[in-house]
Amino acid sequence: MAYNRGDDLKKQINKFSRILIWAKVLKFVLFFYAFVSFLFWFLNCFALDWLYMFNWLFILPYKFVSTFYKPAGLSADFSLAIIGTISLCTGLLCEFFSGNLYQKISNLQEELEKYLEQKKNAKPKRARPIPMGGAYVRENNMHDSSYFDENAVLIFIIHPHIHKMKNESSVSELTFQEVEDWRQRVNKMILDNIKSSLPQQKGYYRKNLFFVYKNFNYVDDFICYIRPTINSIISEFKQYDIDVQFNYVMSTAPLLSAVEKELDIMDTILSLNFMNIFILTERFKNVYERKAAQKYTMKLKGEYNLSKNLSISNVQPLFIFQEISNQGAVK
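This one's a predicted model, so the numbers in the text were calculated from it and none came from an experiment.

Just to check I follow, could you spell out the overall build of the protein for this structure?
The secondary structure content of the protein amounts to seven helices and nine strands. Each of the 331 residues in the protein was classed as buried or not, and the buried ones make up 41%. Taking contacts inside the protein between residues at least 6 apart in sequence as the whole, the part at least 24 apart equals 68%. When the accessible area of the protein is evaluated, it comes to approximately 19,700 Å², of which 59% is carbon and sulfur surface.

Here it is, written out as structure tokens:
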């Protein structure tokens, strides 16, 4: 049987995913056990009789701790504190291990997506039955419009920032609840205006509104929908002395099943707070450049670390749209 890189990557992802689940469960159990241990150690200071009902929870840990710690007396027994400390430290190790394992899975998924995309886009040369001087014409389709990945989906995520406009009549800040109320009104207006574009998926990812379109070629039409919507919201809310600014990101995924993983990266990009400008991922740029007709060019915004784990680096380039006509940034 021929070696299949895709199947091998899927097996590795499944294996590491199962390990990650157990690591997260173990981490939760250890943190909870550490909390219980410290709690009972504190309550034990009050010599409560009912605590002895729970001795069975600590029998094995007590035996382990007793191998290297002998309390001088009941009033100075730190066994439970030691058990709690060991559980807490082990839980932190599990958390560190889980973070590295999650990054490993993400890298494997990224590699699998690239493999599948390359496999789909690979168009081998083939002979066409058109004789020319006794020979057949050999055609290369790699640069035809069919080379564009029609399975690629368009993903857009947006986050509104709500503030009270500073003026002479009002200098007070909005409360947290007021900000949430205004944000809901903004999101409802976006949903109402975009629903006619018939997104394949829509909803909230970590409180940020997102849209998914099955056909990536819809990108230029989508921008024509979303730009006036955003501008009208900014203008309309000014009459209520509310300043609304947006940061939003566009990306793509090779399949609908890969959208959630891409949204996780896009959510991190939102935290960089690039206001009122289309921020594009490298994956988006690569797919957009294969479109048969392109309305915009793309310019490098910079390279940024998109890892949520401070101990792991995930530096990726980000881009912005520019109008082909005047080379101005698209807002």
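Structure's up, so let's keep going.
Any chance you could explain the layout of surface pockets here in plain terms?
Unfilled space is identified by rolling a water-sized probe across the atoms. Estimated volume of the largest pocket: approximately 900 Å³. In terms of lining, the largest pocket is formed by 36 residues, of which the most central are Glu110, Lys261, Ile265, Asn314 and Gln316. Secondary structure elements with two or more residues in the lining of the largest pocket: helix H1 (5–43), helix H3 (79–121), helix H6 (259–270) and helix H7 (282–288). Looking at the lining of the largest pocket, the element that brings in the most residues is H3, giving 13 residues. Broken down by class, the residue content of the lining of the largest pocket amounts to seven nonpolar, 14 polar and 15 charged.

Can you walk me through the pairing of strand E3 (residues 153–164) in this structure?
For a regular strand, side chains alternate in direction, first toward one face of the sheet and then toward the other. By the criterion of burial, E3 is predominantly enclosed, with 11 of the 12 residues buried. Direction of pairing for E3 relative to strand E6 (residues 242–253): antiparallel, over a ladder of 12 bridges. Bridge pairing in E6 places Val153 opposite Ala253. Bridging between E3 and strand E5 (residues 208–213) involves five bridges; their strand directions are antiparallel. Counted as the bridge partner of Ile155 is Val212 from E5.

In this structure, what is going on with H6? I would like to understand it.
Taking 1.5 Å per residue, 12 residues should reach 16 Å; H6 reaches 16 Å between its end C-alpha atoms and fits that length. Judged by how many residues are buried, H6 sits mostly within the fold: 10 of 12 residues are covered.

Which parts of the structure should I look at to understand the confidence of the model for the protein?
One rule of thumb: low pLDDT means the predicted coordinates there are not for detailed reading. When the pLDDT values of the protein are averaged, the result is 80; 81% of them are 70 or greater. Ranking the helices and strands of the protein by mean pLDDT puts strand E7 (residues 278–281) first, with 95, and strand E2 (residues 135–139) last, with 37.

Whenever I open this one, the side chain of Asp267 confuses me. Can you help?
Here Asp267 is to be found in helix H6. Classification of Asp267 by relative accessible area gives buried; the value is 14%. Excluding residues that lie within four positions of it along the chain, Asp267 makes contacts with Tyr205, Arg206, Asn208 and Lys308.

Honestly, the nonpolar core in this entry has me stumped. Any pointers?
Nonpolar side chains tend to gather and get buried jointly when the protein is soluble and globular. Ile190, Phe246, Met250, Phe284 and Phe321 are the most contacted members of the largest nonpolar core, which totals 39 residues. In terms of residue count, helix H5 (residues 219–238) provides more of this core than any other element does, eight residues in total. Here Phe246 is in contact with Ile158, His159, Pro160, Val186, Ile190, Ile230, Ile233, Ile234, Phe274, Met275 and Asn276, once residues within four sequence places are set aside. Listed in part, the 21 residues of the second largest apolar core include Ile157, Ala253, Ile269 and Phe274.

I tried to follow the pattern of salt bridges on my own but got confused; where do I start?
Pairs can form between side chains of opposite charge once their charged atoms are near each other. Counting across every chain of the model gives seven salt bridges. Ionic pairing is found between Arg206 and Asp267, a salt bridge with its closest N-O pair at 3.4 Å. Residue Arg206 is located in the loop between strand E4 (201–205) and E5, and its partner Asp267 is located in helix H6; the two are separated by 61 residues in the primary sequence. Relative accessible area serves as the criterion here: at 46%, Arg206 is assigned to the partly exposed category. The shortest N-O distance in the salt bridge between Glu289 and Lys285 comes to 2.8 Å.

Cut-off values and rules
- Residues numbered from 1 in each chain as written.
- Predicted model: local features only at pLDDT ≥ 70, side-chain atom pairs only at ≥ 80, totals over all residues.
- Heavy atoms only, no water.
- Helix = DSSP H or I, 4+ residues; strand = E, 2+ residues; numbered from the N terminus.
- Buried < 20%, exposed > 50% of the residue type's maximum accessible area, 1.4 Å probe, protein only.
- Contact = heavy atoms within 4.5 Å.
- Areas by Shrake-Rupley, 256 points an atom, 1.4 Å probe, with all protein chains shown as cover.
- 1 Å grid on protein atoms, 1.4 Å probe; cavity = no way out; pocket = protein on both sides within 12 Å on 5 of 7 lines; lining within 4 Å.
- Points joined across faces, edges and corners; volume = space filled by probe spheres on them.
- Nonpolar A, V, L, I, M, F, W, Y, C, P; charged D, E, K, R; others polar.
- Pairing = 2+ DSSP bridges.
- Expected span 1.5 Å × (residues − 1).
- pLDDT = per-residue confidence, 0-100.
- Core = buried A, V, L, I, M, F, W, Y, C linked by side-chain atoms within 4.5 Å.
- Salt bridge = Lys/Arg side-chain N within 4 Å of Asp/Glu carboxyl O.

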